[in-house]
Amino acid sequence: MNHTTHNFDAYAFSKQADYDEAATRGAFSQAVPLKTVVVYCFDPRAVGIPAAVAKELGDVFPGDIVTDEAGNKAASTATVFEVVVAGGRAVDALRSVTVAQHLFGIENVVIVHHSHCGATSFTADGIIDAYRNEHEVDISDLYPRDSICIGDYVSSLEHDTRLMRESLGTPRHVNVFGYFYDIDSEQLTKVVEDRAEPAVESIASK
Ligand SMILES: [Zn+2]
């Protein structure tokens, strides 16, 4: 493996002389109006999903890039961030949701699985066997088995919204939705709506 030496410290927030973690986080949440994380498939035919979700929930996507006085890209008006992964499976999005909440705060996580998805074309056994034969490795314990492919859309959306809800990195105030997207009609169909728990009324407020 070849490496050349570079110094990218000027581009890292944590490497600045006046770096203050809490202040940096506060500035991020002020600059970025994020509300909704959308998890969907890397299939190019699914590219319309974030705009469709934005329309459904009253969000802004793709929005505009905001530049500072020096002309540097400083923020954006988008209220939707995308997590684009094979099949739109939630297992690959858990850490991104945690980071999105930490830096910007979120209100919704929307998981979308789409029609004619490649993830419905193979089985867990099929991909595990193929890797054994073609690459001589055993991936049977590499990923949770029920997150590898999509056997049934309702089951996969129910599974993934539950996985997202039960993740400790998903705050309880967040709404979790599961949608099916038809890539030809570009229509969303809601399959799961898991609204956040109502805020607990504090004794002090009574
Ligand atoms: Zn797909």
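In this report, we go over the structure that sits alongside the text.

Conventions adopted
Residues numbered from 1 in each chain as written. Predicted model: local features only at pLDDT ≥ 70, side-chain atom pairs only at ≥ 80, totals over all residues. Heavy atoms only, no water. Salt bridge = Lys/Arg side-chain N within 4 Å of Asp/Glu carboxyl O. Buried < 20%, exposed > 50% of the residue type's maximum accessible area, 1.4 Å probe, protein only. Helix = DSSP H or I, 4+ residues; strand = E, 2+ residues; numbered from the N terminus. Polar contact = N/O pair within 3.5 Å; in protein donor to acceptor, adjacent residues only side chain to side chain. Donors = N, O, S within 2.8 Å, 3.2 Å for Na, K, Ca; no water. Expected span 1.5 Å × (residues − 1). Contact = heavy atoms within 4.5 Å. Axes fitted to C-alpha atoms, helices over the stretch in contact; angles between N-to-C directions. Parallel < 35°, antiparallel > 145°, perpendicular 65-115°, else oblique. Nonpolar A, V, L, I, M, F, W, Y, C, P; charged D, E, K, R; others polar. Pairing = 2+ DSSP bridges.

## As for the pattern of salt bridges
- Scanning the entire structure with this criterion turns up 10 salt bridges.
- Between Asp9 and Lys15 there is a salt bridge whose closest N-O contact spans 3.4 Å.
- With relative accessibility at 32%, the residue Asp9 sits in the partly exposed group.
- Arg89 is paired through a salt bridge with Asp160; the nearest N and O atoms lie 2.8 Å apart. Of the two residues, Arg89 is situated in the loop between strand S4 (80–84) and helix H3 (94–103) and Asp160 in helix H5 (residues 153–166); the sequence distance between them amounts to 71 residues.
- Its relative accessible area of 2% is what places Arg89 among the buried residues.
- When salt bridges with common partners are traced through the structure, they connect Asp129, Arg132 and Asp138 into a single cluster.

## Quick word on the environment of Asp59
- Checked against the element boundaries, Asp59 lands in the loop between helix H2 (49–57) and strand S2 (65–67).
- Relative accessible area serves as the criterion here: at 11%, Asp59 is assigned to the buried category.
- Note: C-alpha distance between Asp59 and His102 (43 residues apart in sequence) is 20 Å.
- Within the local environment of Asp59, its side chain forms a polar contact with the side chain of Thr79, the two groups lying 2.5 Å apart.

## Structural notes on the coordination of the zinc ion
- Only Cys41 (SG), His114 (NE2) and Cys117 (SG) from the protein coordinate the zinc ion, and they sit 2.0 to 2.3 Å from it.
- Spacing between the donor residues of the zinc ion along the chain follows C-x72-H-x2-C.
- By relative accessible area, His114 is classed as buried at 0%.
- Given a relative accessible area of 3%, Cys117 falls into the buried group.

## Concerning H5
- Taking 1.5 Å as the rise per residue, H5 with 14 residues should run 20 Å; its terminal C-alpha atoms sit 20 Å apart, in good agreement.
- Those residues of H5 that sit buried are Ser156, Leu157, His159, Asp160, Thr161 and Met164.
- In the core, the buried residues of H5 are packed alongside H3, strand S5 (108–114), strand S6 (175–182) and strand S7 (187–194).
- For H5, the N-terminal cap is Asp152; the gap from its side-chain oxygen to the backbone nitrogen of Val154 is 3.2 Å.

## Some words on the packing of helix H1 (residues 21–31) against H3
- Contact geometry for H1 and H3: axes closest at 8 Å, N-to-C directions at 95 degrees. The orientation of H1 relative to H3 falls into the category roughly perpendicular. Of H3, the residues touching H1 (which contributes Arg25, Phe28 and Ser29) are Gln101, His102 and Leu103.
- Tallied by class, residues from the contact of H1 with H3 come to 2 nonpolar, 3 polar and 1 charged.

## So, the pairing of strand S1 (residues 36–40)
- Among the 5 residues that make up S1, 5 are buried, leaving the element largely enclosed by the rest of the structure.
- What you see with S1 is no split at all: Thr36, Val38 and Tyr40 on one side and Val37 and Val39 on the other are buried throughout.
- Bridge count between S1 and S5: 4 bridges; the pairing is parallel. Looking across to S5, one finds that Val37 is bridged to Val109.

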